[in-house]
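# Descriptive structure summary
This is what each chain is made of:
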Amino acid sequence: MVFYITTPLFYVNDLPHIGSAYPTIACDFFAGHMLQRGEEVAFLTGTDEHGQKIEKAAKEASKTPIEHCDYIADEFQKLWEILGINYDYFVRTSNQEHYKFVTEFFKKVEANGDIYKGKYNGLYCSHCEDFWLEKDLKEDGDKLLCPTHKKPVEEYQQENYFFALTKYQDRLEKYINDNPDFISPDYRKNEVMGWIKDGLRDFPISRANLDWGIPIEGSDQVTYVWFDALLGYISGLGTDKEKYWNDKSKVVHIIGKDILRFHAVYWPAMLMSAGYPLPHRVFGHGFLTKDGMKMGKTLGNIIDPVALSEKYGAEALRFYLLRDIVFGRDGDYTDEGFIERLNSDLANNLGNLLNRALKLINKYNDGIIPDLSSKQNFDSLHQQFIGEIDKLNPYFALEAVFKMLDATNVEINSVEPWRALKIEASNEAALLSLVDALNACKVAAVYLAPLTPQLSKQIFINLGIYQASDLEKLERQDLLQNYLGFDQINKSIAGIKVLEEPVGIFQRLEKAPVAA
RNA sequence: GCUCCUGUAGCUCAGUUGGUUAGAGCAGUCGACUCAUAAUCGAUUGGUCAAGUGUUCAAGUCACUUCGGGAGCACCA
């Protein structure tokens, strides 16, 4: 099967932050997992670069819009490098290919009779440079005031191109009902159904008085930023559009909950109008808070992905975000929680288990993994893991892996091989408990490989399955399919000589992470 | 204001279509072990399941009411 996975296209009004890193890490994990399953995967991320806000941000930085965008887009790519994101495509909505595609798309929608000129009436605050709805404004006698600036708003009329969204209300509702997985989590699907039930309205897809956008032929207007941004998911594929955006491939959009409406309502309607296949899944993830509070520059409580990566490694951050937070719900970051999670799972549960078993094998069996038949069976774990990933629940998928490791720790403690082997170095039950422990670590390493590749590699190296040099400079797909693939799960490790001096796969964290 | 969701141990949450003494993880306490990255394992403390009324042989599980918490309400990336 062909999977096409996308992050949101990040708006370049600001430098990348943890909120952009979160879905991108999740996508990277999903994409890698699908590679392990032997699927064909395309993974796209990119930047959304048009609109008034960008024009303004550029002006404030004394740059042209494109200069500003070049700079921010570059910063995004740098962050993805630091975080080890293996995207296949990086789309920028300012590039020529995109302009061409949007223009063609616009024409298709127009030819289908879904674009018309209409008047947009708005209440405009010149201080916000934005429109307000009457119900959100404060009343002051007979005047309406902007709630942030407390200044009167002006009535403003603009002739815009509108998209006939209302025409698609029924088809949209049907599509969502016929494809129960289209919008998830289910509580967000309820929201969308509520919106549709309340009735949709046509929306303007053009802007006047704005230069930084894609020109609409035969007019002096440019496209509304969302009308163009969403199309980046297709235009960004370049010459691979038909290969990944077709009736058979599975298109998965991972987005933030704030932009659900655009992806779950506008986007499918636009695609229907232009005659394109619809995506299969739109997943709206939650937001991160810090110490229970919304993050913000003014509060100064920012989680800095670069600082965390520099101090603890990108893999620690990658693991933490997907393991500690239920994907879809809001998650709260605390320094204590971060350290606790990593220590508990990676250092204690997994790392320590591997280490103790390796030491015993070295001490009592010359480092050779004995050939003993085991009752271990990972079938149900495998089903569970895959099932949870299919539901885009990395939290529960990872939980299953660590429950398996918990059980392995229980088992080795009940057998007490250190005691039995001291009496009789060939005690089979004792040796078997060690083989099972090592094998469990190997299996965990396989499932974690798309998320924490270095850690997984080191487990395999410690086990003696590979030399460090075997795993250098491998392409990701090669690594995940041919070295750390699912066929490793049931492959015997009997007879392998483990590393004499095991390398710690994850050192316990002692101090509080860097403050923002 | 309207719509929807939610209120279970100190914290985070499970509790299937209502069915026996309400569960897990973490934290706390006590203990075991000593192979191991002061890790691991066991035991244990702790809840009138927000409150009330009702339906029922039986309600954490359904209905209603009150109180508390959250989300959404369109051009927001």
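Residues numbered from 1 in each chain as written. Chains lettered and ligands numbered in written order. Predicted model: local features only at pLDDT ≥ 70, side-chain atom pairs only at ≥ 80, totals over all residues. Heavy atoms only, no water.

## Details of the pattern of salt bridges
Within the structure shown, the criterion is met by 18 salt bridges. A salt bridge links R341 to D324; the shortest N-O distance between them is 2.7 Å. Placement of the pair is R341 in helix 13 (residues 335-365) and D324 in helix 12 (residues 314-324), with a sequence separation of 17 residues. On the accessibility criterion, D324 (25% relative accessible area) is partly exposed. Between D345 and R341 there is a salt bridge, with its nearest N and O atoms 3.1 Å apart. Of this pair, D345 and R341 both sit in helix 13, separated by four residues, roughly a single helical turn. For the residue pair D345 and R341, the accessibility class agrees, reading buried in each case. (Salt bridge = Lys/Arg side-chain N within 4 Å of Asp/Glu carboxyl O. Helix = DSSP H or I, 4+ residues; strand = E, 2+ residues; numbered from the N terminus. Buried < 20%, exposed > 50% of the residue type's maximum accessible area, 1.4 Å probe, protein only.)

## Description of helix 6 (residues 186-198)
Over its 13 residues, helix 6 runs 18 Å from end to end, which matches the ideal 18 Å to within 8%, given 1.5 Å per residue. Listed in full, the buried residues belonging to helix 6 are R188, K189, V192, M193 and I196. An end-on view of helix 6 places all buried positions within 145° of arc, on one side of the element. Residues N190, K197 and D198 are exposed on helix 6 and point more than 90 degrees away from its buried face. Tucked into the core, helix 6 has its buried residues touching helix 5 (169-178), strand 9 (183-184), helix 10 (260-274) and strand 14 (281-285). (Expected span 1.5 Å × (residues − 1). Arc of directions from axis to C-beta. Contact = heavy atoms within 4.5 Å.)

## Quick look at the protein's contact with RNA strand B
Close to RNA strand B lie 39 residues, the nearest being K53, Y224, W226, N352 and N413. Counting only the atoms of RNA strand B that lie within 4 Å of the protein, the sugar and phosphate share comes to 66%. In this structure, K359 approaches RNA strand B through a side-chain N or O atom, which is 3.2 Å from a phosphate oxygen. Sorting the residues of the surface near RNA strand B by element identifies helix 6, strand 10 (203-204), helix 10, helix 13, helix 15 (394-415) and helix 16 (417-423) as the ones contributing at least two each. Top contributing element to the surface near RNA strand B by residue count: helix 13, with nine residues. A breakdown of the residues in the surface near RNA strand B according to their chemical character gives 18 nonpolar, seven polar and 14 charged. (Near = heavy atom within 4 Å. Polar contact = N/O pair within 3.5 Å; in protein donor to acceptor, adjacent residues only side chain to side chain. Nonpolar A, V, L, I, M, F, W, Y, C, P; charged D, E, K, R; others polar.)

## Details of the packing of aromatic side chains
Enumeration over the complete set of coordinates arrives at 36 aromatic pairs. On the basis of an interplanar angle of 80° and a centroid distance of 5.6 Å, the ring pair of Y22 and F327 is categorised as edge-to-face. Placement of Y22 in helix 1 (residues 18-36) and of F327 in the loop between helix 12 and strand 17 (331-333) is noted, with a sequence separation of 305 residues between them. Judged on exposure class, the residue Y22 and its partner F327 are both buried. (Phe/Tyr/Trp six-rings, centres within 6.5 Å; stacked < 30°, edge-to-face > 60°.)

## A few points about the nonpolar core
Counting residues in hydrophobic clusters, the biggest one holds 168 residues, and the most contacted among them are F338, L350 and L438. A per-element tally of this core places helix 17 (residues 428-448) first, with 14 residues. For this core, the domains that each give at least three residues are domain 1 (2-285) and domain 2 (336-488). (Core = buried A, V, L, I, M, F, W, Y, C linked by side-chain atoms within 4.5 Å. Domains from an automatic or database assignment.)

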